[in-house]
Amino acid sequence: MRVVITGGAGFIGSHLCEKYLEAGHRVTCIDNLLTGVEGNVAHLAGHQQFEFIRHDVSKPVFVEGAVDRILHFASPASPVDYLNLPIQTLKVGSLGTHNMLGVARAKKARFLLASTSEVYGDPEIHPQREDYWGHVNPIGIRGVYDEAKRFAEAMVMAYHRAHGLETRIVRIFNTYGNRMRLDDGRVLPNFMGQALRGEPLTVYGTGDQTRSFCHVSDLVEGIVKLMESDSPEPVNLGNPEEVTILQFAKEILELSGSTSQIVFKPLPQDDPRVRKPDITRAKQRLGWEPKVVRRDGLLMTLEHFKKRIQLESGKH
Ligand code: UDP
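Residues numbered from 1 in each chain as written. Predicted model: local features only at pLDDT ≥ 70, side-chain atom pairs only at ≥ 80, totals over all residues. Heavy atoms only, no water.

Asker: Go over the site of the ligand with me, naming the residues and quoting the values.
Answerer: Neighbouring the ligand are 18 residues, the closest being T202, Y204, R211, D271 and R275. Between the ligand and N174, the relevant distance is 2.8 Å, taken from an oxygen atom to a side-chain nitrogen or oxygen of the residue. Within the side chain of D271, a nitrogen or oxygen atom sits 2.6 Å from an oxygen atom of the ligand. When the free accessible area of the ligand is taken as 520 Å², the share hidden by the protein chains comes to 95%. Among the elements of the structure, α5 (187–197) and β8 (201–204) are those that each provide at least two residues to the shell around the ligand. (Near = heavy atom within 4 Å. Polar contact = N/O pair within 3.5 Å; in protein donor to acceptor, adjacent residues only side chain to side chain. Areas by Shrake-Rupley, 256 points an atom, 1.4 Å probe, with all protein chains shown as cover. Helix = DSSP H or I, 4+ residues; strand = E, 2+ residues; numbered from the N terminus.)

See the structure below:
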C-alpha cells in the first residue's frame, strides 16, 4: 500500500511512519516542521520506500500517484504548543482536514483522523466513553485545539456520509514515549527533564487532577488495527490506568533516583480535572488493549531522555 502520513515528523507520526515501513508499505510523510522535528525521521531518509515532503497541509495539497491510506496527524498537540500557535492549530484542524479529505476522495483512499480526548473537554462523566458529547469551553485557551478537532470529526463524518468515503476517527488519550520533545511543555517531558537535570518538578494546581498514560508502541498498534477495521465511529485509544499528577511526579522521582523537590504552580485555565478512557469499544471492535505497564514504559522513556540530555550538554 501507499500510505500518506501528515505530521509524520511529529512524535506519534514518526512512529507510524516506522510501523508502516516495517510492514512493507510505501510511506509519504508530509510535515511543515512547525512542531515536528526532522531528526524524528532522519533515520528513514535513506529508505527506498520513504519519502518526505515539507509542506503545510493547511494550504492546498497535491500528492502525485495512487494513495491507499491517509493518516492525518498534523497539528500542534501539547497545550503549550497550541497556546503559542492558536491560529495554526485552528487552521490545520479545519482547513488541513478539509484538504486531506479532498486528497482522500480524489485518490479513493481510506482516511484516518487523529482526534483527541480533548473533544470531551473537562469531562462530566468518568471514564470517558465515545458516546459522551463533551464539555468544552469554545472561547477558552484550549478551545483552539478542542474545537478544531471537534470540527475535524464533523468534517470527516460529513465526507463519510455525503461522499461514502471510508473514514476512521481515533480519539487519542495522553501518550508518551521516545521522540516527545523535551520542551513541548507536557507533563511527562517536563517532569523527566526536571528530574534528570536536578531541577524542581512543577506540579500545576494541587496535583489532584488525573491523567492516564499510554505508551506510544501500544497506541500505534491500535491505530493500525483501527485503520484496517470497519468502524467509522470514533474509537478511544489510551491506557485506562489512572494516576494523579502529584503521584505521577513522585513516581518519576523514584524511577529516576532524582533528589529534586516538588514545587506547586498555578493551574492553567480549563485544565481537565480528570481523564481516563473507557476502551470497551476498542476491545470489542479491534481486539486491542494496551500491554506496556506504566513503570516499564516510564523507565524506557527516561533512558531516551537521559541520552538526549547528555547529547545536548555535550554540545554546549
Ligand atoms: N502539568 C503539571 N506540570 C507540568 C505540566 C503539566 O502539573 O509541568 C499538569 C497539567 O496541568 C495537567 C496535566 O499535568 O493537569 C497534564 O498536562 P499535559 O500538558 O501533559 O497535557 P493535558 O493532558 O492537559 O492535555
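Moving on, there is more to tell.
Asker: Could you give an account of the nonpolar core, naming the residues involved and the relevant values?
Answerer: One finds I12, L16, L71, F73, I223 and L237 to be the most contacted residues of the largest nonpolar core, which totals 56 residues. Of all hydrophobic cores here, the second largest spans 23 residues; its members include V61, V63, V92 and A109. (Core = buried A, V, L, I, M, F, W, Y, C linked by side-chain atoms within 4.5 Å. Buried < 20%, exposed > 50% of the residue type's maximum accessible area, 1.4 Å probe, protein only.)

Asker: Pulling in residues and values, what's your account of the packing of aromatic side chains?
Answerer: Taken as a whole and assessed by the stated rule, the structure comprises five aromatic pairs. Plain terms: the ring middles of Y120 and Y132 are 6.0 Å apart, the flat faces sit at 20° to each other, and that makes the pair stacked. With Y120 in the loop between β5 (110–116) and α4 (143–163) and Y132 in the loop between β5 and α4, this residue pair connects regions lying twelve residues apart in the sequence. For Y120, a relative accessible area of 1% translates into the label buried. Between the aromatic rings of Y120 and F173, the centroid separation amounts to 6.1 Å while the plane-to-plane angle is 40°, which identifies the pairing as tilted. Note that Y120 is positioned in the loop between β5 and α4 and F173 in the loop between β6 (167–172) and β7 (175–176), a separation of 53 residues in sequence. Neither Y120 nor F173 differs from the other in exposure class; each is buried. (Phe/Tyr/Trp six-rings, centres within 6.5 Å; stacked < 30°, edge-to-face > 60°.)

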